[in-house]
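# Working through the structure, step by step
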Amino acid sequence: MNRTMWKQLEMVMGMQMIAKRPGAHRHVLLVVIMMVGVATGCRRDNAAVEKPADESTASQSDAEPTVYVPQAYEATADELLAACLTPDEASEGWIRLFDGHTLFGWDIAGNANWRIEDGTLVADQGEVSLLCTSIPWTDYELSVQFKATPTTNSGVFLRTPLEVDDPGSDCYEVNIAPDDNPFPTASVVQRKKVDVQQKFDTWRTMNMVLRGDQLTVRLDGEVVCEYTDPEPLAAGRIGLQKNSGRIEFRDVKLRPLGLESMLGEGLDGWKTYPEMSGKFERTDEGGLRVIGGKTQLETEERFADFNLVAEYQMDEPTSNSGIFFRCIPGDELMGYECQVSNEIIDGNPLKPADCGVGGIFRRQDARIVAGKPKQKNVILLTTRGPRIAAWVNGLQVSDVTDDRDPDENPRRGLRLDPGTIMIQGHDETTDATYSQLKIKSLDTP
């Protein structure tokens, strides 16, 4: 990369990642997206490589390439909240990876002109590039809508690193490409070729289920590819590729698989603290209610990396609870905290009163409070090493990397060791019902 390119990237990376400010008549979230690296990988063996046809073309290739500086995006609170999923979808664990207005939760590898147009991710110029989730995932169902042209070469990368040298070993690339490509649309590059009916310049829906060594691809509702990997890959990011031509993506949703209920008979599997003032009780519907003063309910099992889905309801706007994780067993709420609080300041969802539901207390406030009183709300919390992220009602609200020095106590530093999970009763005003608590322990990538 030449000096000019570095200067432009340094300018972008020096910007503040997230700034919140009220508009004149509306609440506005300003998001500045950073390009995290320029990939020299991501090129497939079947990708066409253009060569200079004459000296004039060759001389142009020696010129400094264009650097595509990621844009800053504004979104109102109403626009972001409109991206929340339906209660039924959220209850099933579905989340949006793309909110339709910002690239919050995404990293860009490669020099391409990724941008958002009318709620759609678009790229049509620049080098080979991957737009990747900041969080790695293992087993999940992924749904993506895409629009390709007859010259488009793109793909959806599963369990991928940020930069790919060989898609036949580094990841699973579900291709988006025309018939003359060695791996047309819905094929798994260098792994399995399929033949499907091509449709260009129209929206198509691709659904991918990845579980262990099994990958199933549906295109417009029809199963078109089933692949079994004899050497299945570990967790990795999800990537959307710009290779050549124009590609558009929208409605990118994911549902983690394999979660199991944490609520058995009574309070089996949990440690109670009867000496504390608050109390926990099971509801007639099989949920868990925490009421009264300060208290905690602690799992007997320990977890390091996990996906957790919690469905909760708090009728009072000021009621406060929390989900603590990687806790020091037996200690008093000594862990990371995913906040459970719907309270906002001055009626502005972009101004949480106390970190905000889905925020990671003392690490990162929720960028918007997406939970509401007097209704069921769903949190999906995921941890991968030092990376922690949360979605509320399908909308991503936090994405933080704990870069502190290691410490046994997560309040003082980075804790990667397994710890217990605790449900918190905050004070005498707490009255929270968790109708669903599900979890899956994950291997550290």
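Our subject is the structure that appears above.
In short, a report on the structure. The structure displayed is predicted, hence computed values, not measured ones. All residue numbers here refer to positions counted from 1 along the written sequence of the relevant chain. Where local features are concerned, this predicted model is filtered to residues with pLDDT of at least 70; where side-chain atom pairs are given and counted, the filter is 80 or more; whole-chain, interface and lining totals use all residues. Computation of side-chain values covers all heavy atoms of the structure but excludes hydrogens and water.

If you tally the helices and strands in the protein chain, you get four helices and 32 strands. Working definition: with a 1.4 Å probe on protein chains only, accessible area under 20% of the residue-type maximum means buried, over 50% means exposed, and in between means partly exposed. Residues classed as buried in the protein chain amount to 56% of the 445 residues present. The contact criterion used is simple: two residues touch if any of their non-hydrogen atoms lie within 4.5 Å. Contacts spanning at least 24 positions in sequence make up 67% of the contacts within the protein chain whose residues lie at least 6 apart. Total accessible area on the protein chain is roughly 19000 Å²; 45% of this is exposed by carbon and sulfur atoms. Helix and strand definitions follow DSSP, with helices as H or I runs of at least four residues and strands as E runs of at least two, each counted in order from the N terminus. The accessible surface values rely on the Shrake-Rupley method and a 1.4 Å probe; as for residues, cover is taken only from the protein chains in view.

Turning our attention to the pairing of strand E29 (residues 387–392). Counting buried positions along E29 gives six out of six residues, so the element sits mostly inside the fold. On E29, burial covers both faces: Arg-387, Ala-389 and Trp-391 on one face and Ile-388, Ala-390 and Val-392 on the other are all buried. For two strands to pair, DSSP has to find at least two bridges joining them. Relative to E29, strand E28 (residues 377–384) runs antiparallel, the two being bridged by six bridges. Opposite Thr-383, over in E29, you have Ile-388 as the bridge partner. Counting the residues that bridge the hairpin from E28 to E29 gives two residues, and of these Gly-385 lies at a positive phi of roughly 60°. Hairpin connection from E29 to strand E30 (residues 395–401): two residues lie between these consecutive antiparallel strands, with Asn-393 at a positive phi of about 55°.

Okay, the pairing of E30 next. A large share of E30 lies buried, amounting to six of its seven residues. Pairing of E29 with E30 involves six bridges; the strand directions are antiparallel. Considered in E30, the bridge of Arg-387 is made with Thr-401.

Here we have five strands laid out as an open sheet, ordered E19-E22-E31-E24-E25, and antiparallel in their pairing. Where the open sheet ends on each side, the last strands, each with one partner, are strand E19 (270–271) and strand E25 (336–341). Pairing of strand E22 (residues 295–299) with strand E31 (residues 420–425) involves four bridges; the strand directions are antiparallel. Among the inter-strand pairings, Gln-296 is bridged to a residue of E31, identified as Gln-424.

Here the focus is the packing of aromatic side chains. When the centres of two rings from Phe, Tyr and Trp lie within 6.5 Å, Trp using its six-membered ring, the rings pair. Their planes under 30 degrees apart give stacked, over 60 give edge-to-face, and anything left gives tilted. Tallied over the full model, the rule gives five aromatic pairs. Centroid distance Trp-137 to Trp-391: 5.7 Å. Interplanar angle 55°. Geometry classified as tilted. Taken together, the positions of Trp-137 in the loop between strand E9 (129–133) and strand E10 (140–148) and Trp-391 in strand E29 put the pair 254 residues apart, joining distant regions of the chain. Under the relative-accessibility criterion, Trp-137 is labelled buried at 2%. With a relative accessible area of 2%, Trp-391 lands in the buried category. Plain terms: the ring middles of Phe-325 and Tyr-336 are 5.4 Å apart, the flat faces sit at 15° to each other, and that makes the pair stacked. Of this pair, Phe-325 sits in strand E24 (residues 320–327) while Tyr-336 sits in strand E25; the two residues are eleven residues apart in sequence, bridging distant segments of the chain. No difference in accessibility class separates Phe-325 from Tyr-336, as the two residues are buried. Linked through ring pairs, Phe-303, Phe-306, Phe-325 and Tyr-336 together constitute an aromatic cluster. Charge-over-ring contacts are defined here by two conditions on Lys NZ or Arg CZ: a distance within 6 Å of the ring centre and an angle within 35 degrees of the ring normal. Cation over ring: Arg-250 sits above Trp-203, and NZ or CZ is 4.0 Å from the ring centre. Geometry around Trp-94 places Lys-253 over its ring, the cationic atom sitting 6.0 Å from the centre.

Here we take up the pattern of salt bridges. For this document, the term salt bridge refers to a Lys or Arg side-chain nitrogen within 4 Å of an Asp or Glu carboxyl oxygen. Evaluation of the coordinates by the stated rule reveals 22 salt bridges. Between Arg-255 and Glu-141 there is a salt bridge whose closest N-O contact spans 2.7 Å. Separated by 114 residues along the polypeptide, Arg-255 in strand E17 (residues 247–256) and Glu-141 in strand E10 bring together distant segments of the chain. By relative accessible area, which is 23% here, Arg-255 ends up partly exposed. Here the salt bridges share partners, and the residues they tie into one network are Arg-115, Glu-117, Asp-124, Arg-246 and Glu-248.

Of note, the phi angle at Gln-190 is positive, near 60°, even though the residue is not glycine. Tracing the backbone shows Gln-190 in the loop between strand E12 (172–176) and strand E13 (204–211). Among the residues examined, Gln-190 registers a relative accessible area of 30% and is labelled partly exposed. Of note, Asp-346 is a non-glycine position whose phi angle comes to about 55°, a positive value.

Another aspect to go through is the nonpolar core. Nonpolar side chains in soluble globular proteins generally cluster together in the buried interior. Core analysis: the biggest nonpolar cluster contains 51 residues, and Leu-142, Leu-158, Met-208 and Phe-249 have the highest contact counts within it. Counting residues in hydrophobic clusters, the runner-up holds 46 residues, among them Ala-77, Leu-80, Phe-280 and Leu-350. Residues belong to a common nonpolar core when they are buried Ala, Val, Leu, Ile, Met, Phe, Trp, Tyr or Cys residues joined through side-chain atoms within 4.5 Å.

Along the polypeptide, Tyr-140 turns up in strand E10. Spatially, the C-alpha atom of Tyr-140 lies 5.5 Å from that of Leu-210, the residues being 70 residues apart in sequence. Each residue touching Tyr-140, except ones within four places of it in the same chain, is listed here: Leu-158, Arg-159, Met-208, Val-209, Leu-210, Ile-238, Leu-254, Arg-255, Pro-256 and Leu-257.

Cavity and pocket criteria rest on a 1 Å grid covering protein atoms alone: a 1.4 Å probe that fits but cannot get out defines a cavity, protein on both sides within 12 Å along at least 5 of 7 lines defines an open pocket, and an atom within 4 Å of a point defines a lining residue. Grid points are joined across faces, edges and corners, and a volume is the space filled by probe spheres set on the points. For the structure shown, the criterion picks out three cavities of 30 Å³ or more. Of the voids in this model, the largest cavity is the one considered here, and its volume is about 50 Å³. Forming the walls of the largest cavity are Leu-97, Gly-105, Trp-106, Thr-133, Ser-134, Ile-135, Trp-137, Trp-391 and Gln-396. When residues are sorted by character, Ala, Val, Leu, Ile, Met, Phe, Trp, Tyr, Cys and Pro go into the nonpolar class, Asp, Glu, Lys and Arg into the charged class, and all the rest, Gly among them, into the polar class. Of the residues contributing to the lining of the largest cavity, the split by class is five nonpolar, four polar and no charged.

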